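What follows is the residue order along each chain.
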Amino acid sequence: DTAVSQTPKYLVTQMGNDKSIKCEQNLGHDTMYWYKQDSKKFLKIMFSYNNKELIINETVPNRFSPKSPDKAHLNLHINSLELGDSAVYFCASSQDASGGYEQYFGPGTRLTVT
Amino acid sequence: QKEVEQDPGPLSVPEGAIVSLNCTYSNSAFQYFMWYRQYSRKGPELLMYTYSSGNKEDGRFTAQVDKSSKYISLFIRDSQPSDSATYLCAIDRGSTLGRLYFGRGTQLTVWP
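Residues numbered from 1 in each chain as written. Chains lettered and ligands numbered in written order. Predicted model: local features only at pLDDT ≥ 70, side-chain atom pairs only at ≥ 80, totals over all residues. Heavy atoms only, no water.

Caption draft 1: How the structure looks around the pattern of salt bridges. All names here are of chain A. Using the criterion set out here, one finds seven salt bridges over all chains in the structure. Asp-85 is the partner of Arg-63 in a salt bridge, and the nearest nitrogen-oxygen pair spans 2.8 Å. Taken together, the residues span a long stretch of sequence, with Arg-63 in the loop between strand 6 (53-57) and strand 7 (64-70) and Asp-85 in the loop between strand 8 (73-78) and strand 9 (87-94) at a distance of 22 residues. Here the two residues Arg-63 and Asp-85 agree in accessibility, since each one is buried. Connected through salt bridges with shared partners, the residues Arg-63, Glu-82 and Asp-85 form a single ionic network. (Salt bridge = Lys/Arg side-chain N within 4 Å of Asp/Glu carboxyl O. Helix = DSSP H or I, 4+ residues; strand = E, 2+ residues; numbered from the N terminus. Buried < 20%, exposed > 50% of the residue type's maximum accessible area, 1.4 Å probe, protein only.)

Take a look at the structure:
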């Protein structure tokens, strides 16, 4: 039974398009995250939601807009895609945001912008 | 200066070797120290977790934290080809944001 799932796994699109990535967790966790992993494997936090409220918003272009309809879901919408957006995007969740909790990662969405 | 520094490698060792992976960090406020393992084309998974200074052992894996030097290590004994992966250190300040600071990851290959 998958704990953190993401769709789609692969996304190939052209510059200028708008796309969305969906994430769902069935662990009953309160906190969810979006990370971007570049080609050199560096994992960078983008956003974090706790109980549907945004608590971390890193320096990310405002073309990226997260949305949390409920505690189990966190989606990421990207407008006007650019070549530099090509990366693997990981969703993660943790029990809560109080620190020291394991983060459970999804399988990733490999985005390629051409 | 980055919060966490980690040598990205790559590191290539023969089966049975002892592997040492290391990270340094800059902020003494960090309290929780983790190692995540990421296999190719998969998401990271928690491997080891340590609170504050000291050692923790789990089978062939030992995690060490030296807060006075701001230095954390992961040792793998009797390394196996199945240990081939990227290892990421991650550090948590214990704030109310649940934020992890990741190292760049060290790519390890264990050849038979």
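Caption draft 2: Seen up close, the state of the cysteines. Tallied over the full model, the rule gives two disulfides over all chains. Two residues share a disulfide in this structure: Cys-23 of chain A and Cys-91 of chain A, whose sulfurs sit 1.9 Å from each other. Handedness here is read from the sign of the S-S torsion; for Cys-23 of chain A and Cys-91 of chain A, about -75°, the answer is left-handed. Of this pair, Cys-23 of chain A sits in strand 3 (residues 19-25) while Cys-91 of chain A sits in strand 9, placing them 68 residues apart in sequence. Exposure class is identical for Cys-23 of chain A and Cys-91 of chain A. Each is buried. Note that Cys-23 of chain B is cross-linked by a disulfide to Cys-89 of chain B, the S-S spacing being 2.0 Å. Since a negative S-S torsion denotes a left-handed disulfide, the Cys-23 of chain B-Cys-89 of chain B link at about -100° is left-handed. Of this pair, Cys-23 of chain B sits in strand 3 (residues 19-25) while Cys-89 of chain B sits in strand 9 (residues 85-92); the two residues are 66 residues apart in sequence, bridging distant segments of the chain. (Disulfide = S-S within 2.5 Å.)

Caption draft 3: Representation of the packing of aromatic side chains within the structure. If you walk through the whole model with that rule in mind, you get 13 aromatic pairs over all chains. Aromatic side chains Phe-90 of chain A and Phe-105 of chain A sit 6.3 Å apart centroid to centroid with 80° between the ring planes, which places their arrangement in the edge-to-face category. With Phe-90 of chain A in strand 9 and Phe-105 of chain A in strand 10 (residues 104-105), this pair connects stretches of sequence that are 15 residues apart. Taking relative accessible area as the criterion, Phe-90 of chain A reaches 2% and is therefore assigned buried. Members of the aromatic cluster, connected to one another through ring pairs, are Tyr-33, Tyr-35, Phe-90 and Phe-105 of chain A together with Tyr-36 and Phe-102 of chain B. (Phe/Tyr/Trp six-rings, centres within 6.5 Å; stacked < 30°, edge-to-face > 60°.)

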